[in-house]
Amino acid sequence: SIKTDEPQMRLPSVFYRYVGMQHVQNNPRYVFEVNWSGGGTGFFSDILIMQLDNDKLSLVRNVDGGDRCLGGTQNAKIVNGVLEYQKKITSQMILDLKLDSKSKKLSKADLEDCAVCCIGSITISNDKVTSLKFNGQIPEVDKADKKQRCFNNLLIKNGAKDKVIINLSKLKKLQKNAYNNCLKT
């Protein structure tokens with residue numbers, strides 16, 4: 001067994017899935033999904049690109065990853081040579097997405113942002129966000145939390161309760177509406 005100083009909430013574990021191969025400048029790159037836990041509360045996932053060096057795999061790039069709703073990755077696949085995957089997100093993470101050069105990066109908007117506060121997952125293809133799929137969950141909110149209540153209303157208007165998928169254009173509009181209507185004080 002693996003020795004760890006963390007409290008034993010689950011057994012430490014590591015598992016991986018080979019996703020497929022990409023070719024970069026005629027060099028093969030091997031894509032893996034890796035999921036792991038050190039035995040504590042976290043359950044982490046990463047997408048790694050590896051290459052063979054003298055018959056040993058070496059890391060080329062850690063593409064993305066996180067702890068459950070805080071950027072956990074899933075469903076990686078290679079489509080026409082391009083890496084595509086989903087990344088779990090929270091309310092706050094929607095606002096923090098850099099969707100284009102005009103996107104505003106907010107330092108902190110105080111919206112729900114925890115490892116078990118998923119509201120959906122974004123699809124990323126070729127390192128760009130393409131859509132958001134809601135999971136049907138709306139964050140619980142205190143009556144005094146006007147920002148999150150306002151944001152929840154925007155989520156509902158965009159189909160979050162019905163688990164719809166919104167495209168990049170609608171995601172940008174959601175982000176802009178949240179900034180203009182919910183976060184300005």
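Structure first, text after, so check above.
First, a word on what this report is: a plain description of the structure on this page. Here the structure is a predicted model, which means the values were calculated and not measured. (Residues numbered from 1 in each chain as written. Predicted model: local features only at pLDDT ≥ 70, side-chain atom pairs only at ≥ 80, totals over all residues. Heavy atoms only, no water.)

**Here's the deal with the overall build of the chain**
Formally: The way it works is that DSSP assigns letters per residue, a run of H or I at least four long becomes a helix, a run of E at least two long becomes a strand, and they are numbered from the N terminus. Relative accessibility decides the category of a residue: with a 1.4 Å probe and only protein chains considered, values under 20% of the type maximum give buried, values over 50% give exposed, and everything between is partly exposed. By definition, residues are in contact when any of their heavy atoms lie within 4.5 Å. With residues, only the protein chains shown are counted as cover, and all accessible areas are computed by Shrake-Rupley using a 1.4 Å probe. Charge counting follows a simple rule: Lys and Arg are positive, Asp and Glu are negative, and His as well as the terminal groups are ignored. Each charge is placed at NZ for Lys, CZ for Arg, CG for Asp and CD for Glu.
Scanning the chain from terminus to terminus reveals three helices and nine strands. Reading the chain from its N end, one meets helices and strands in the order β-β-β-β-β-β-α-β-β-α-β-α. Out of the 185 residues belonging to the chain, those deemed buried represent 42%. Taking as baseline every contact in the chain between residues at least 6 positions apart, the subset at least 24 positions apart corresponds to 49%. Counting every atom, the chain has about 11200 Å² of accessible surface; 49% of that belongs to carbon and sulfur. Considering the chain, the positive charge centre built from 29 side chains and the negative charge centre built from 19 side chains are found 8 Å apart.

**Concerning the nonpolar core**
Note the following rule: For the purposes of this section, nonpolar cores are sets of buried Ala, Val, Leu, Ile, Met, Phe, Trp, Tyr and Cys residues that join through side-chain atoms within 4.5 Å.
Counting 31 residues, the largest nonpolar core has Ile94, Leu132, Phe151, Leu155, Leu171 and Leu174 as its most contacted members. Of all elements in the fold, only strand S3 (44-53), strand S6 (82-89), helix H1 (91-96), strand S7 (120-125), strand S8 (128-134), helix H2 (146-157) and helix H3 (168-183) reach the threshold of two or more residues within this core. The element contributing the most residues to this core is H3, with five residues. Excluding residues that lie within four positions of it along the chain, Leu171 makes contacts with Ile94, Leu97, Leu99, Val129, Leu132 and Ile166. Within the second largest apolar cluster, five residues are counted, among which are Tyr30, Phe32, Val34 and Leu48.

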